[in-house]
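Here's the letter readout for the chains.
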Amino acid sequence: ASSAPKAPARTVVLSTPEADAGAGAEASREVAAQIGVVKDEKLAVWVESIGQKLLRFAPRQPFAYRFQVVDQWSPNAFALPGGHIFVSRGLLVLANTEDELACVLAHEITHAAARHHAGRQAYSERLSPFSLGVPRMARIAAYARDQERAADTGGQKICAAAGYDPRALGTFLLSLDKIERLQMGISRIPTFLDTHPSSPERVAGASISAAALGAPAQADARAARESYFAHLDGLM
């Protein structure tokens, strides 16, 4: 998961899955207005089909999921409350196989199914009213990092159950780390205010989880790559 557009100024209490659905629908309209959604019906149907395949193995929630591609060049993926999941066209181009994309989508499905937005909201409310400023931000950031670790592991379990290779999360994260190093010239130094674990930590964790889950039968890597890129013709 990466950064989603800023939520509306008013606070919506995410007390139930139904509240998640309402807040997510409103925020989804904000995403379409702020960033824009890629108008490519074949691409949309394909991404939606991968998401629906994964959902058969995801924890149940009473809201309907929707998968969309946003017109954003930087690699990005995020889940809004209520099952509204977005990936950027830049992320689709950065990935190299359908397994990698499936791992990203499953990560976001886990966020939505586990109601992580509601969890962060409730955690923030439980903190002492005397916990202010940087210490408060650091505790919330640490909580968010734990959610990201859970989404990585949960997403890999969903992928494995759906027949995708859970090792693909690690290979995608390596590509993401390389992009960051190319853009910045060096690897970014993590801080205690980061809401995501560092890429090396996530890659190592993904490798350990994948080893425990096992891998599907080896497919033709070249054919899988070419099949994936066929869906992205003209997207760059």
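One can find the structure itself at the top, above this paragraph.
This text gives an overview of the structure that appears in the document. What you are looking at is a predicted structure, and each value in this text was computed from that prediction instead of being measured. (Residues numbered from 1 in each chain as written. Predicted model: local features only at pLDDT ≥ 70, side-chain atom pairs only at ≥ 80, totals over all residues. Heavy atoms only, no water.)

## Concerning the sheet that holds strand S2 (residues 77-80)
Neighbouring strands of a sheet are bound in pairs by backbone hydrogen bonds; such pairs are parallel or else antiparallel. Quick note on the threshold: When DSSP finds two or more bridges between two strands, those strands count as paired. Each helix is a run of DSSP H or I of at least 4 residues and each strand a run of E of at least 2, with the numbering of both proceeding from the N terminus. Angles run from 0 to 180 degrees between N-to-C directions of axes, and those axes are lines fitted to C-alpha atoms, restricted for helices to the stretch in contact.
The 3 strands are arranged S1-S3-S2 in an open sheet whose pairing can be described as mixed. Looking at which strands have only one partner, the edges of the open sheet turn out to be strand S1 (66-70) and S2. With direction set aside, neighbouring strand axes in the sheet form an average angle of 20°. Bridge count for S2 against strand S3 (residues 84-88) is 4 bridges, and the pairing is antiparallel.

## Section: the packing of aromatic side chains
The line we're drawing: Pairs were defined over the aromatic rings of Phe, Tyr and Trp, the Trp ring being its six-membered one, requiring ring centres within 6.5 Å. Orientation was assigned from the angle between planes: stacked under 30 degrees, edge-to-face over 60, tilted for the rest. Exposed residues in this analysis have more than 50% of their type's maximum accessible area, buried residues have under 20%, and partly exposed residues fall in between, with area computed by a 1.4 Å probe over protein chains only.
According to the stated counting rule, one finds 6 aromatic pairs in the structure shown. With 5.4 Å between their ring centres and 65° between their planes, Phe-63 and Tyr-65 make a pair best called edge-to-face. When the centroid spacing of 4.3 Å and the interplanar angle of 10° are considered together, the rings of Tyr-123 and Tyr-143 count as stacked. In this pair, Tyr-123 is assigned in helix H5 (residues 116-126) and Tyr-143 in helix H6 (residues 133-162), connecting sequence segments 20 residues apart. Judged by relative accessible area, which is 25%, Tyr-143 ranks as partly exposed. Taken together through their ring pairs, the aromatic side chains of Trp-46, Tyr-228 and Phe-229 make up a single cluster.

## Some words on the pattern of salt bridges
The criterion, for reference: The rule for a salt bridge is simple: a side-chain nitrogen of Lys or Arg has to be within 4 Å of a carboxyl oxygen of Asp or Glu.
Evaluated as defined, the whole model comprises 7 salt bridges. Asp-20 is paired through a salt bridge with Arg-115; the nearest N and O atoms lie 3.0 Å apart. Of this pair, Asp-20 sits in helix H1 (residues 17-34) while Arg-115 sits in the loop between helix H4 (98-113) and H5, and the two are 95 residues apart along the sequence. The exposure class assigned to Asp-20 is buried, which follows from its relative accessible area of 1%. Residue Arg-115 is classed as buried on the basis of its relative accessible area, which comes to 17%. With a closest N to O distance of 3.3 Å, Glu-226 and Arg-222 form a salt bridge. On the criterion of helical spacing, the pair formed by Glu-226 and Arg-222 is a turn pair, its members being 4 residues apart in helix H9 (residues 221-230). Within the structure, one salt-bridge network assembled from shared partners comprises Asp-146, Arg-149 and Glu-201.

## Brief notes about the pairing of S1
Note on strand geometry: in a regular strand, side chains alternate between the two faces of the sheet. For S1, the tally of buried residues reaches 4 of 5 residues, placing the bulk of the element in the interior. Bridge count for S1 against S3 is 5 bridges, and the pairing is parallel. Bridge pairing in S3 links Val-70 to Ser-88.

## Some details on the packing of H6 against helix H8 (residues 199-213)
Cut-off, in case you're wondering: Note: crossing handedness is left-handed where the near helix turns anticlockwise from the far helix by less than a right angle, and right-handed where it turns clockwise. The contact definition used throughout considers only heavy atoms, calling two residues in contact when any of these lie within 4.5 Å. Just so you know the grouping, Ala, Val, Leu, Ile, Met, Phe, Trp, Tyr, Cys and Pro go in nonpolar, Asp, Glu, Lys and Arg go in charged, and all remaining residues, Gly too, go in polar.
The N-to-C vectors of H6 and H8 enclose an angle of 35°; their axes lie 10 Å apart at closest approach. As for the relative orientation of H6 and H8, their crossing is right-handed in sense. Side by side, H6 and H8 meet where Arg-149, Asp-152, Thr-153, Gln-156, Lys-157 and Ala-160 of the first sit next to Glu-201, Arg-202, Gly-205, Ala-206, Ser-209, Ala-210 and Leu-213 of the second. Partitioned by chemical class, the residues of the contact of H6 with H8 number 4 nonpolar, 4 polar and 5 charged.

## So, the environment of Leu-43
With respect to the helices and strands, the residue Leu-43 is situated in helix H2 (residues 41-55). With relative accessibility at 3%, the residue Leu-43 sits in the buried group. Taking the C-alpha atoms as reference points, Leu-43 and Ile-208, 165 residues apart in sequence, are found 32 Å from one another.

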